[in-house]
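Below, each chain spelled out in residue letters.
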Amino acid sequence: MDVDTRMLRCLAVVGEEGQLTAAAARLGVSQPTLTKQVRALERQLGVELFRRSRAGMAPTAAGAELLARAGALLAGWEEAVRATRLAAAEAGGELRVGFEGSTVSLLGRAVVEDFARRMPGWRLRLRQNDWFDESSGLASGRLDLALWHAPASMAERYAHVPLGTEERWVVLAADHRLAARTEVSVADLWDEPFVAIPEQAGVWRDYWLGAPERAGRPVRIGAVAHNADEWMAAVACGQGVGFAPRAVGRWSSRPDVRCLPVRGLGPSLVGLFRPRGRAQTPAMAAFAESCRLHLEVQFRATGGGRSPEAAAAQTSANGAG
């Protein structure tokens, strides 16, 4: 008997939520679609999995038995997918690298061409990081490396190659009351509404809201953006301000926003991150060296960051390499 993993995932979420409305919202599907998936699974198995009532969805004895095993089945399938993708990437000559909205400016043509010279026949696939996935695709195996402007804590959670550090700046609408300044103090911003990224981003949401520096001060959320373009548009429309890497000022030429340095806000670690336990391949090492050389030139030209050596000195050697 063949069972679609989507059906199992729907079953698991309905079991956890106990009602179709909440489960459908969590899965990002309509309630009728979710109902159809559950009923299709029941028909395929020939058993009733849930008892429907006004109070919600309660699993039957058969449903409870399947729910007890669904998590392990899904985890096993996801591990098989990760291993398959890893084997294909390493054998197929393709390196998959994620980037943030602003760090794409750090991955210039010079990096791509230098990597091609170092690894003839290899292809570099660049993908923008998913704001709904805290690991940006590293955990699922969709990416081999992620180029991040990261808090120091990420150097403890992931293996990484440090490439430098870069300041966090504030981005605000061109007509904002602080826009005429040449720089601002972080204390000037705590009462401002902020444009946030989704809650699913986890540690990233807190970091780009300045949680480490807020010291418990509450944050006002003016808008929630789901990608870099939405984020910039919300700032430009005056829905809030936001922190971003200094690099954002180099690629954003919009006349309706200003990017200013911030006193009292710690810099980000710029690095290439990968899951702990995954060895660095020759292709990863070659790409890291291409990035390091390119960033050295860029940092010297703009004064926008510190060298990889300086970054390495302030992070634990345990996560590097």
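## Here we look at the overall build of the protein chain
Link 1 in the chain: Of regular secondary structure, the protein chain possesses 12 helices and 14 strands.
Link 2 in the chain: For the protein chain, with 321 residues in total, the buried portion stands at 48%.
Link 3 in the chain: Taking contacts inside the protein chain between residues at least 6 apart in sequence as the whole, the part at least 24 apart equals 74%.
Link 4 in the chain: When the accessible area of the protein chain is evaluated, it comes to approximately 15,500 Å², of which 53% is carbon and sulfur surface.

## Examining the confidence of the model for the protein chain
Link 1 in the chain: Taken over all residues, the pLDDT of the protein chain has a mean of 84, while the share at 70 or more is 85%.
Link 2 in the chain: Residue range residues 310-320 is modelled with pLDDT below 50. Its contacts to residues more than four positions away, or to other chains, number 18 contacts.

## Some words on a nonpolar patch on the surface
Link 1 in the chain: Together, V219, I221 and V224 make up an exposed nonpolar region whose accessible area comes to about 200 Å².
Link 2 in the chain: Inspection of the secondary structure puts I221 in strand β10 (residues 220-224).

## Comments concerning the nonpolar core
Soluble globular proteins: nonpolar side chains tend toward being buried together.
Link 1 in the chain: In terms of nonpolar packing, the biggest core is built from 47 residues, with W148, V170, V171, W231 and F243 touching the most fellow members.
Link 2 in the chain: Examining the composition of this core, we find that 6 residues originate from one element, helix α9 (residues 228-236), more than from any other.
Link 3 in the chain: Within the second largest apolar cluster, 20 residues are counted, among which are M7, L11, L34 and L49.

## Considering the sheet that holds strand β11 (residues 242-245)
Two orientations exist for strands paired in a sheet by backbone hydrogen bonds: parallel and antiparallel.
Link 1 in the chain: Strands sit in the order β8-β12-β7-β11 across an open sheet of 4 strands; the sheet is mixed. Looking at the sheet topology across the chains shown, the edges are occupied by β8 (184-185) and β11.
Link 2 in the chain: Of the strand pairs in this sheet, strand β7 (residues 168-173) and β11 are connected by 4 bridges, and their pairing is antiparallel. Directly across from V171, in β11, lies its bridge partner G242.

## Considerations on the pairing of strand β13 (residues 268-275)
In summary, the side chains of a regular strand alternate between the two faces of the sheet.
Link 1 in the chain: For β13, a buried count of 7 out of 8 residues is recorded, marking the element as mostly surrounded by other parts of the structure.
Link 2 in the chain: Pairing of strand β5 (residues 145-150) with β13 involves 5 bridges; the strand directions are antiparallel. Residue pairing in the sheet places L147 in a bridge with L272 of β13.
Link 3 in the chain: As paired strands, strand β6 (residues 158-166) and β13 are joined by 8 bridges and run antiparallel to one another. Paired with G164 across the bridge in β13 is V270.

## A word on the packing of helix α1 (residues 5-17) against helix α2 (residues 20-27)
The angle between the axes and the distance between the axes are what describe a pair of packed helices.
Link 1 in the chain: Relative orientation of the contacting elements α1 and α2 amounts to 130°, with a least axis distance of 8 Å. One finds that α1 runs oblique with respect to α2. When you trace α1 past α2, the crossing you get is right-handed. Residues R9, C10, V13, V14, E16 and E17 of α1 touch α2, and the partners they reach there are L20, A22, A23, R26 and L27.
Link 2 in the chain: Looking at side-chain class alone, the contact of α1 with α2 contains 7 nonpolar, no polar and 4 charged residues.

## A look at α1
Link 1 in the chain: Across its 13 residues, α1 extends 18 Å between first and last C-alpha, which sits within 8% of the 18 Å expected from 1.5 Å per residue.
Link 2 in the chain: For α1, the complete set of buried residues consists of M7, L8, C10, L11, A12, V13 and V14.
Link 3 in the chain: Following α1 by one or two positions, G18 adopts a phi angle in the positive range, close to 80°.

## Considering the pattern of salt bridges
Link 1 in the chain: The final tally for this structure, using the stated rule, is 19 salt bridges.
Link 2 in the chain: Across the salt bridge formed by E94 and R125, the nearest N and O atoms sit 3.2 Å from each other. Placement of the pair is E94 in strand β3 (residues 94-99) and R125 in strand β4 (residues 123-128), with a sequence separation of 31 residues.
Link 3 in the chain: By relative accessible area, which is 14% here, E94 ends up buried.
Link 4 in the chain: A residue is classified by how much of its surface remains accessible, and R125, at 30% relative accessible area, is partly exposed.
Link 5 in the chain: When salt bridges with common partners are traced through the structure, they connect E16, E17 and R26 into a single cluster.

## Considerations on the environment of C10
Link 1 in the chain: Relative to the assigned elements, C10 resides in helix α1.
Link 2 in the chain: Spatially, the C-alpha atoms of C10 and A23 are 7.8 Å apart, while their sequence positions differ by 13 residues.
Link 3 in the chain: Beyond its immediate stretch of four places on either side in the chain, C10 contacts L27, L34 and Q37.

## As for the packing of aromatic side chains
Link 1 in the chain: Enumeration according to the criterion identifies 7 aromatic pairs in this entry.
Link 2 in the chain: Taken together, a centroid distance of 5.0 Å and an interplanar angle of 35° make the contact between W148 and F273 tilted. One end of the pair, W148, is in strand β5; the other, F273, is in strand β13, and 125 residues separate them in sequence.
Link 3 in the chain: Taken together, the aromatic side chains of W148, Y158, W204 and F273 make up a single cluster linked through ring pairs.
Link 4 in the chain: When the ring centre of F194 is taken as origin, the NZ or CZ atom of R214, which lies over that ring, is 4.8 Å away.

Rules of the game
- Residue numbers restart at each chain and count upward from 1, following the sequence in its written direction.
- The predicted origin of the model limits local features to residues at a pLDDT of at least 70 and limits the giving and counting of side-chain atom pairs to 80 or more, whereas totals for whole chains, interfaces and linings rest on all residues.
- By convention in this description, side-chain values take in all heavy atoms of the structure and omit both hydrogens and water.
- For the purposes of this entry, the term helix denotes a DSSP run of H or I that reaches at least four residues, the term strand denotes a run of E that reaches at least two, and both are numbered from the N terminus.
- Using a 1.4 Å probe on the protein chains alone, a residue whose accessible area is under 20% of its type maximum counts as buried, one over 50% counts as exposed, and one in between counts as partly exposed.
- Contact criterion: two residues are considered in contact whenever any of their non-hydrogen atoms come within 4.5 Å of each other.
- Methods summary: accessible areas were calculated by the Shrake-Rupley approach with a probe of 1.4 Å, and residue burial reflects only the protein chains presented.
- For every residue, the pLDDT score states the predictor's confidence, bounded by 0 at the bottom and 100 at the top.
- In this analysis, a patch consists of residues with relative accessible area above 30% that form no salt bridge, clustered at 9 Å for like charges and at 5 Å for the nonpolar side chains Val, Leu, Ile, Met, Phe, Trp and Tyr.
- The rule for a salt bridge is simple: a side-chain nitrogen of Lys or Arg has to be within 4 Å of a carboxyl oxygen of Asp or Glu.
- Joining through side-chain atoms within 4.5 Å is the link that ties buried Ala, Val, Leu, Ile, Met, Phe, Trp, Tyr and Cys residues into a set, and such a set is a nonpolar core.
- Pairs of strands are assigned from DSSP output, requiring at least two bridges between the strands.
- Note on geometry: axes are lines fitted to C-alpha atoms, helical ones only across the stretch in contact, with angles between N-to-C directions running from 0 to 180 degrees.
- These descriptions rest on fixed angle ranges, namely under 35 degrees for roughly parallel, over 145 for roughly antiparallel, 65 to 115 for roughly perpendicular, and the rest for oblique.
- Crossings are classed by handedness, with left-handed meaning an anticlockwise turn of the near helix from the far one by less than a right angle and right-handed meaning a clockwise turn.
- Lys, Arg, Asp and Glu make up the charged group, whereas Ala, Val, Leu, Ile, Met, Phe, Trp, Tyr, Cys and Pro make up the nonpolar group; the residues left over, Gly among them, are polar.
- One less than the number of residues in a helix, times 1.5 Å, gives the span that helix is expected to have.
- Two aromatic rings, drawn from Phe, Tyr or Trp (for Trp, its six-membered ring), form a pair once their centres lie within 6.5 Å of each other, and the interplanar angle then sorts them: stacked below 30 degrees, edge-to-face above 60, tilted otherwise.
- Two conditions define a charge sitting above a ring: the NZ of Lys or the CZ of Arg must be within 6 Å of the ring centre, and it must be within 35 degrees of the ring normal.

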